[in-house]
Amino acid sequence: MSIALNPERLWNSLQEMARIGATPEGGVRRLALSPEDAQARALLRDWAEAAGCTVTVDRLGSMYCTHPGADADAKPVAVGSHLDSVPTGGKYDGPYGVLLGLEIVRALHQAGRRTRAPITVVNWTNEEGSRFSPAMSASGGAMGVIEEAKVLAAPDNFDPAITYGDALRASGWAGTADPARARDFAAYFEAHIEQGPILEREGIPIGIVTHCIGVEQWDVVVTGTDGHVGYPMAGRRDALAAASELVLALERIATETGGMATATRITLAPDARGNIPSMVRFAANIRHPDADGNARMEAAFRATVVDLVARRGVAVEIIRVGGYPRVPFAPPLLDALRRGAQGAQLKHRDMPGPIPQDALHVGIVVPSALMFIPCHGGVSHHPSESISRDWCAAGLAAMGPAVIEAAGGLA
């Protein structure tokens, strides 16, 4: 016997959640631990309790909405994502995964059924990292990837006088549960919009994410010599001109190797109209789907730096400031998602995950699976972010049975 999942209820819940923090442009602004985030959390709590769940909150503010299983000693199967947004966010990045999980337990509750193991719907705090850095800090804290104290001490990126811990207490969502409890999940599933154009372009509603690709984050500092802008071109050691070559080299290397690279946050000194810049600092981000891809990209970039230094007489320092490891997802859970898609007669394909989600941190410790649905134009982190009702329903049809299967089936 199966249960009837309700895609219309999921769609309506997404639209209702999107009213919290709604912007005139049609998106949402729901920064982590803001009043809007607190309101969204309260709505999720009310919905979850109405669906027979017990709601607990850990010391980092993450919410765990647990629908009981028939076996009280079984480890829970988790499904979730996040409710916070970037400052100019859309309606579906994050909430889709949380509310899909909610729909599964709602359907169980409505049918008066339980799975053998409990199912826990998770709302991770501060996935986006817009208000507090780094991103995905609560899931990282839960998995022991980031120290809990460091998460709580992170300053507000908009008001450094406020810390994560301050905002958590002010929001009313400071819990007492140990974040490490999440390491005892039997399995973790996350559904997410793709944030890319591949599924829509290929007409495929379900992407099975085999792994999250590794990410390297650097600061690159180029040092030359300042001087008057009237100085002859010969003999200049212009840091900005040299840095410009490196920015273009990142783009070239990514294109040639099949990876991705971006330069951001460029600062220079002296920042004056009449001066040749003597120092430029920019952030660089590289990622590649192949296991050795980041190493190949870094080697190519460093070779470019050696040539640049010799030609231009500048100094270049590459400082690693962060990144994420390459994390493979659990084959048995991916197979369960494939069976769910096949059972619903949905086209699906395997693909890498180029953008880290909470599943990356969880997948380091807990058997995990990540699934994508398409989004129009591949657009996300923008008010125009959108999905279709059919894509929304497809994700539920594929993941719902997989989660129930992982939880031991209906009891």
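Please refer to the structure placed before this passage.
Below: a short report on this structure. (Residues numbered from 1 in each chain as written. Predicted model: local features only at pLDDT ≥ 70, side-chain atom pairs only at ≥ 80, totals over all residues. Heavy atoms only, no water.)

## Remarks on the packing of aromatic side chains
Now for step 1: Counted under the stated rule, the structure contains 6 aromatic pairs.
Now for step 2: Among the aromatic residues, ring-to-ring pairing joins Y64, W124, F185 and Y188 into one connected group.
Now for step 3: Across from the ring centre of W47, 4.9 Å away, lies the NZ or CZ of R106, which sits over that ring. (Phe/Tyr/Trp six-rings, centres within 6.5 Å; stacked < 30°, edge-to-face > 60°. Lys NZ or Arg CZ within 6 Å of the ring centre and 35° of its normal.)

## What about the sheet that holds strand β11 (residues 279-287)?
Backbone-to-backbone hydrogen bonds join strands into a sheet, with any given pair of strands oriented parallel or antiparallel.
Now for step 1: Strand order in the open sheet formed by 4 strands is β9-β11-β7-β12, with antiparallel pairing between adjacent strands. Looking at which strands have only one partner, the edges of the open sheet turn out to be β9 (260-269) and β12 (315-324). The sheet shows a mean angle of 20° between the axes of neighbouring strands, direction not considered.
Now for step 2: Relative to β11, strand β7 (residues 215-223) runs antiparallel, the two being bridged by 9 bridges. The partner of T223 across the bridge, within β11, is M279. (Pairing = 2+ DSSP bridges. Helix = DSSP H or I, 4+ residues; strand = E, 2+ residues; numbered from the N terminus. Axes fitted to C-alpha atoms, helices over the stretch in contact; angles between N-to-C directions.)

## Regarding the layout of surface pockets
Now for step 1: As a volume, the largest pocket reaches approximately 1,100 Å³.
Now for step 2: Lining the largest pocket are 36 residues; nearest its centre among them are S133, A135, Q217, N285 and Y324.
Now for step 3: Breaking the lining of the largest pocket down by element, the ones donating at least two residues are β7, β9, β11 and β12.
Now for step 4: Looking at which element gives the most residues to the lining of the largest pocket, the answer is β11, with 6 residues.
Now for step 5: Taken together, the residues of the lining of the largest pocket break down into 15 nonpolar, 14 polar and 7 charged.
Now for step 6: For the second largest pocket, the calculated volume is near 150 Å³.
Now for step 7: Among the residues forming the lining of the second largest pocket, the class breakdown is 9 nonpolar, 2 polar and 1 charged. (1 Å grid on protein atoms, 1.4 Å probe; cavity = no way out; pocket = protein on both sides within 12 Å on 5 of 7 lines; lining within 4 Å. Points joined across faces, edges and corners; volume = space filled by probe spheres on them. Nonpolar A, V, L, I, M, F, W, Y, C, P; charged D, E, K, R; others polar.)

## Some remarks on the packing of helix α2 (residues 35-50) against helix α3 (residues 95-111)
Now for step 1: Interaxial distance between α2 and α3 falls to 9 Å at its minimum, and their mutual angle equals 25°. Between α2 and α3, the angle falls in the class roughly parallel. Counting all contacts with α2, which are made through L44, W47, A48 and A50, the residues of α3 involved are V98, L99, L102, R106 and H109.
Now for step 2: Considered class by class, the residues forming the contact of α2 with α3 number 7 nonpolar, 1 polar and 1 charged. (Parallel < 35°, antiparallel > 145°, perpendicular 65-115°, else oblique. Contact = heavy atoms within 4.5 Å.)

## Observations concerning the side chain of S34
Now for step 1: Secondary-structure assignment places S34 in the loop between α1 (7-17) and α2.
Now for step 2: A polar side-chain atom of S34 sits 3.2 Å from a polar atom in the side chain of E36. (Polar contact = N/O pair within 3.5 Å; in protein donor to acceptor, adjacent residues only side chain to side chain.)

## Points about helix α6 (residues 164-171)
Now for step 1: Residues of α6 that are buried: Y164, G165, A167, L168 and S171. One side of α6 carries all its buried residues, which in axial view fall inside an arc of 165°. Seen from the open side of α6, the exposed residues pointing more than 90 degrees away from its buried face are R169 and A170.
Now for step 2: Those residues of α6 that are buried lie in contact with α2, α4 (137-142) and α5 (148-153).
Now for step 3: Immediately downstream of α6, the backbone of G172 shows phi near 85°, a positive value. (Buried < 20%, exposed > 50% of the residue type's maximum accessible area, 1.4 Å probe, protein only. Arc of directions from axis to C-beta.)

## Brief notes about helix α9 (residues 293-312)
Now for step 1: Compared with an ideal rise of 1.5 Å per residue, which puts 20 residues at 28 Å, α9 spans 28 Å between its outermost C-alpha atoms and is within 8% of the ideal.
Now for step 2: Listed in full, the buried residues belonging to α9 are G293, N294, M297, F301, T304, V305 and L308. On an axial view of α9, the arc spanned by its buried residues comes to 110°, and they lie on one face. Facing away from the buried side of α9 by over 90 degrees, the exposed positions are A295, V306 and A310.
Now for step 3: Against the buried residues of α9 lie β7, α8 (239-257), β9, β11 and β12. (Expected span 1.5 Å × (residues − 1).)

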